[in-house]
Amino acid sequence: TLDSSTSLRIAVQKSGRLTDKTLNLLEGIGLKFDDYKRSLLVKCRNFDVELLLIRDDDIPEYVEDGVCDLGFVGANTVAEDEADVTILRGLDYGVCRLSIAAPKAGDIQSAADLNGKRIATSYPVLTRKFLESKGLSADIVTLSGSVEIAPRLEIADVITDLVSTGGTLKANGLQELETIFDSETQLVKTNKPLSEGKQALIEKFLQRIEGYQKAEKSRYIMMNAPESAVDEIKDIIPSLKSPTVMPLADNGMVAIHTVITITTFWDLMENLKDAGATGIVVLPIESMIA
Ligand code: ATP
Ligand code: MG
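Residues numbered from 1 in each chain as written. Chains lettered and ligands numbered in written order. Predicted model: local features only at pLDDT ≥ 70, side-chain atom pairs only at ≥ 80, totals over all residues. Heavy atoms only, no water.

Chemist: Provide a residue-level description of the coordination of the magnesium ion (ligand 2), including the pertinent values.
Modeler: Looking at the metal site, the magnesium ion (ligand 2) is ligated by Asp56 (OD) and Asp57 (OD), spaced 2.0 to 2.1 Å from it. For Asp57, a relative accessible area of 39% gives the class partly exposed. (Donors = N, O, S within 2.8 Å, 3.2 Å for Na, K, Ca; no water. Buried < 20%, exposed > 50% of the residue type's maximum accessible area, 1.4 Å probe, protein only.)

Have a look at this one:
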């Protein structure tokens with residue numbers, strides 16, 4: 001039987017690395033929440049959405065079971081759980097990798113040396129799949145946390161663990177040997193049947209996220225330049241097809257306004273200045289719709 005309610009329930013990590021960034025994203029797309037620090041189930045004030053704040057390990061299962069319609073969770077957690085959910089979007093936060101790490105200057109210097117060794121990990125499924133794909137056999141010791149001290153405690157010879165900067169590994173005398181899984185936050189959806197109302201709401205929700213992601217990567221730029229430099233400036237900024245060009249009170253000067261992606265912008269700055277652009281202003285964009 002189809003759930004007739006239209007209110008979307010979204011699982012978010014209660015307290016951890018993904019929490020603030022996920023809540024910022026939700027607020028960035030215009031959702032407003034009352035005091036989410038105090039309650040586990042938080043109603044959105046202006047959108048038919050409620051958040052369920054839980055441990056990240058529980059999110060894939062809650063979404064798989066349809067307790068939550070959507071969830072924001074690390075790809076590592078989704079893959080480890082082998083959860084039956086649909087991945088709607090990859091989101092560029094919570095970026096990390098599951099890597100093999102071994103004691104520095106030990107006898108294990110590459111993945112090929114793993115045969116017959118003991119590997120401590122909180123990710124037995126992903127680790128086993130990696131070993132199988134390489135035709136290696138090793139014993140997996142599953143630990144729920146503090147994996148990085150396992151070699152020193154002689155519980156294991158090597159570990160696989162999540163790494164972002166590598167600082168934790170270094171602090172524990174470990175060196176990274178190989179990445180076995182690249183991860184980022186994912187927005188996942190239940191595969192349980194959803195009411196039409198909910199499906200429509202998810203569409204709307206996704207459109208807002210797309211607008212937010214596009215805006216995050218874009219900047220509104222304004223500059224002044226001699227009118228004679230407009231063609232050269234258009235050549236410098238390839239994405240700039242038809243910028244807004246407005247005459248200034250000063251003779252022969254114009255103001256140019258356009259939107260560009262940040263990845264290209266800083267490299268172009270010098271060229272713009274050389275072309276005669278002055279008073280270059282770069283502004284963030286809140287959202288880009290269509
Ligand atoms: P919970 O109490 O919710 O179970 P946790 O301790 O399991 O929290 P966190 O350490 O908050 O989880 O990490 C949540 C997610 O953040 C990870 O599953 C991973 O996707 C991502 N992440 C990004 N960088 C790192 C990192 N350096 N170490 C661990 N996780 C990271
Ligand atoms: Mg967890």
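Chemist: Requested: an account of the side chain of Glu80, with residues and values cited.
Modeler: One can find Glu80 in helix H3 (residues 75-81). For the buried residue Glu80, which engages in no salt bridge, the nearest side chain bearing the opposite charge is Arg128, 7.0 Å off. Of the polar contacts made by the side chain of Glu80, one reaches the backbone nitrogen of Val125; its length is 2.8 Å. A polar side-chain atom of Glu80 sits 3.0 Å from the main-chain amide nitrogen of Leu126. (Helix = DSSP H or I, 4+ residues; strand = E, 2+ residues; numbered from the N terminus. Lys, Arg positive; Asp, Glu negative; His and termini not counted. Salt bridge = Lys/Arg side-chain N within 4 Å of Asp/Glu carboxyl O. Polar contact = N/O pair within 3.5 Å; in protein donor to acceptor, adjacent residues only side chain to side chain.)

Chemist: Please provide a residue-by-residue account of the pairing of strand S3 (residues 49-54), values included.
Modeler: Counting buried residues along S3, six of its six residues qualify, which places the element largely inside the surrounding structure. Burial of the side chains of S3 extends over both faces: Val49, Leu51 and Leu53 are buried on one face and Glu50, Leu52 and Ile54 on the other. Strand direction decides the pairing type here: strand S1 (residues 8-13) and S3, joined by six bridges, are parallel. For Val12, the partnering residue across the bridge sits in S3 and is Leu53. Relative to S3, strand S2 (residues 41-43) runs antiparallel, the two being bridged by three bridges. For Leu41, the partnering residue across the bridge sits in S3 and is Leu52. (Pairing = 2+ DSSP bridges.)

Chemist: Would you mind going over the sheet that holds strand S10 (residues 218-226) in detail, with residue names and values included?
Modeler: With antiparallel pairing, four strands are arranged side by side in an open sheet as S11-S12-S10-S13. Of all the strands in the sheet, the pair left with one neighbour each is strand S11 (244-247) and strand S13 (278-284). With strand direction ignored, the average angle separating the axes of adjacent strands in the sheet is 15°. One ladder, built from four bridges, connects S11 with strand S12 (residues 253-261); its direction is antiparallel. When the bridges of S12 are listed, Val245 appears paired with Ile256. (Axes fitted to C-alpha atoms, helices over the stretch in contact; angles between N-to-C directions.)

Chemist: Give me the lowdown on the nonpolar core, citing residues and values where you can.
Modeler: Burial of nonpolar side chains together is a common tendency in soluble globular proteins. Leu26, Leu31, Val49, Leu51, Phe72, Leu187 and Phe205 are the most contacted members of the largest nonpolar core, which totals 28 residues. At the level of elements, S1, helix H1 (19-28), S3, strand S4 (70-74), strand S5 (85-103) and helix H6 (196-216) are the ones that each hand at least two residues to this core. At six residues, H6 tops the list of elements feeding residues into this core. Among residues more than four places away in sequence, those in contact with Phe205 are Ile10, Leu26, Ile29, Leu31, Phe47, Leu70, Phe72 and Leu187. Counting 17 residues, the second-largest nonpolar core is a separate cluster that includes Ala229, Val254, Ile256 and Leu268. (Core = buried A, V, L, I, M, F, W, Y, C linked by side-chain atoms within 4.5 Å. Contact = heavy atoms within 4.5 Å.)

Chemist: Outline unusual backbone geometry, supporting the account with residue identities and numerical values.
Modeler: Although it is not a glycine, Glu82 sits at a positive phi angle of roughly 50°. Phi angles above zero are rare outside glycine, and Glu154 is one such case at about 60°. Along the chain, the position of Glu154 falls in the loop between strand S7 (139-142) and strand S8 (158-163).

Read these as spatial facts, not as claims about activity.
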